[in-house]
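A closer look at the structure
In case you want the letters, here they are:
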Amino acid sequence: MGEFVLNVNGAHLRVNAPPEETLLSVLRNRLNLTGTKYGCGEGQCGACTVLLDGRATRSCMLSVASAVNAKITTIERPGDERQAQSRPAGFPGRGAFQCGYCTSGMILSATSLLHQMHNPTEEQIAAAMDGNICRCGTYPRILDAVSAPQGRRSRE
């Protein structure tokens, strides 16, 4: 066991955990931030995606010790105006989700993309979202939702 100080959603939080414990496990089980989901446990499905220094990162593949000096952002992050402008605003109204299990990972992957590219093409959106699995298969609506902040026209 070790004591770690993590910068999570702008707050410095102390946590006792084995250094090899995954960031996902620490977020969910020790800090009670359950918006980040466990999916495959192998970094392949994207359900566990968080932002690490603004970049989409699979938290199931990262040890808590590796995340100590990073700014960690989860789906529970507080919303400030600057962050809100770069979030994919189209998710709620585009029917992008059915069961909702992939929602947090999809939103954070899209947020990371929109921080890096203000007006990505559909191909760039698809590439950035690759590896985020939607069990319900709503990929066209997810693509449309990520495109929505750029003023693109809905496909539906």
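Computed from a predicted model, the values in this text were never measured in an experiment. Every residue gets a number counted from 1 within its own chain, in the order that chain's sequence is written. Where totals are concerned, whole chains, interfaces and linings use all residues; where local detail is concerned, this predicted model gives features only for residues with pLDDT of at least 70, and gives and counts side-chain atom pairs only at 80 or more. Where side-chain values are given, they derive from all heavy atoms of the structure, hydrogens and water being excluded.

1. A closer look at the overall build of the protein
Our working definition: Each helix corresponds to a stretch of at least 4 residues labelled H or I by DSSP, and each strand to a stretch of at least 2 residues labelled E; elements are numbered beginning at the N terminus. Only heavy atoms enter the contact rule, under which two residues are in contact if any of them lie within 4.5 Å. Surface exposure here means Shrake-Rupley accessible area, sampled with a 1.4 Å probe, where a residue is shielded only by the protein chains that are shown.
The secondary structure content of the protein amounts to 5 helices and 5 strands. Counting from the amino terminus, the protein carries its helices and strands in the arrangement β-β-α-β-β-β-α-α-α-α. Considering only residue pairs separated by 6 or more positions, the protein has 56% of its internal contacts joining residues 24 or more positions apart. On the protein, roughly 8000 Å² of surface is accessible, and the fraction owed to carbon and sulfur atoms is 48%.

2. A look at the packing of helix α3 (residues 103-116) against helix α4 (residues 122-129)
What counts here: Angles shown run from 0 to 180 degrees and are taken between the N-to-C directions of axes, each axis being a line fitted to C-alpha atoms and, for helices, limited to the stretch in contact. For classification purposes, angles smaller than 35 degrees are called roughly parallel, those larger than 145 roughly antiparallel, those between 65 and 115 roughly perpendicular, and all remaining angles oblique. Take the far helix as the reference: if the near one is turned anticlockwise from it by less than a right angle, the crossing is left-handed, and if turned clockwise, right-handed. Residue polarity is assigned by list, with Asp, Glu, Lys and Arg as charged and Ala, Val, Leu, Ile, Met, Phe, Trp, Tyr, Cys and Pro as nonpolar; anything else, Gly included, falls into the polar class.
Two numbers describe how α3 lies on α4: the axes approach to 9 Å, and their chain directions differ by 130°. Classified by the angle their axes make, α3 and α4 are oblique. Both α3 and α4 take part in a crossing whose hand is right-handed. Contacts between α3 and α4 involve Met106, Ser109, Ala110 and Leu113 from the former and Gln124, Ile125, Ala128 and Met129 from the latter. Split into classes, the residues belonging to the contact of α3 with α4 amount to 6 nonpolar, 2 polar and no charged.

3. A word on the pairing of strand β3 (residues 49-52)
Keep this limit in mind: Whether a residue is buried, partly exposed or exposed follows from its accessible area with a 1.4 Å probe, protein chains only, as a fraction of its type maximum: under 20%, in between, or over 50%, in that order. Strands are treated as partners if at least two bridges between them are detected by DSSP.
Of the two faces of β3, the one holding Thr49 and Leu51 and the one holding Val50 and Leu52 are both buried throughout. Sheet topology note: the β3/strand β4 (residues 55-58) ladder contains 4 bridges and is antiparallel. Paired with leucine 52 across the strands is arginine 55, a residue of β4. The antiparallel hairpin formed by β3 and β4 contains 2 residues in its connecting segment, where aspartate 53 sits at a positive phi of about 55°. One ladder, built from 2 bridges, connects β3 with strand β5 (residues 71-73); its direction is antiparallel. If you follow leucine 51 over to β5, its bridge partner there is threonine 73.

4. Re the confidence of the model for the protein
Selection criterion: The predictor reports its confidence for every residue as pLDDT, a score running from 0 up to 100.
Per-residue confidence for the protein averages 87 on the pLDDT scale, and 85% of its residues sit at or above 70. Model confidence for the protein, summarised as mean pLDDT per element, is weakest for helix α2 (residues 81-85) at 47 and strongest for helix α1 (residues 23-30) at 98. Segment residues 151-156 is flagged for pLDDT under 50; beyond a separation of four residues in sequence, or across chains, it makes 15 contacts in the model.

5. Re the packing of α4 against helix α5 (residues 139-147)
Close contact between α4 and α5 brings their axes to 10 Å; oriented N to C, the two are set at 115°. For the pair α4 and α5, the crossing hand works out as right-handed. Taken together, the residues of α5 that come into contact with α4 (itself represented by Glu122, Ile125, Ala126 and Met129) are Ile142, Leu143, Val146 and Ser147. When the residues that make up the contact of α4 with α5 are grouped by side-chain class, the tally is 6 nonpolar, 1 polar and 1 charged.

6. Here's the deal with the nonpolar core
The condition that has to hold: Take the buried Ala, Val, Leu, Ile, Met, Phe, Trp, Tyr and Cys residues and link them wherever side-chain atoms come within 4.5 Å; each set so joined is a nonpolar core.
Formed by 17 residues in total, the largest nonpolar core has its most connected members in Leu6, Leu23, Leu31 and Ile72. At the level of elements, β1 (2-8), β2 (11-17), α1 and β3 are the ones that each hand at least two residues to this core. Look past the residues within four positions of leucine 23 in its chain and what remains in contact with it is Leu6, Val50, Ser59, Leu62, Ser63, Val64, Ala67 and Ile72. Counting 14 residues, the second-largest nonpolar core is a separate cluster that includes Ile107, Leu113, Leu143 and Val146.

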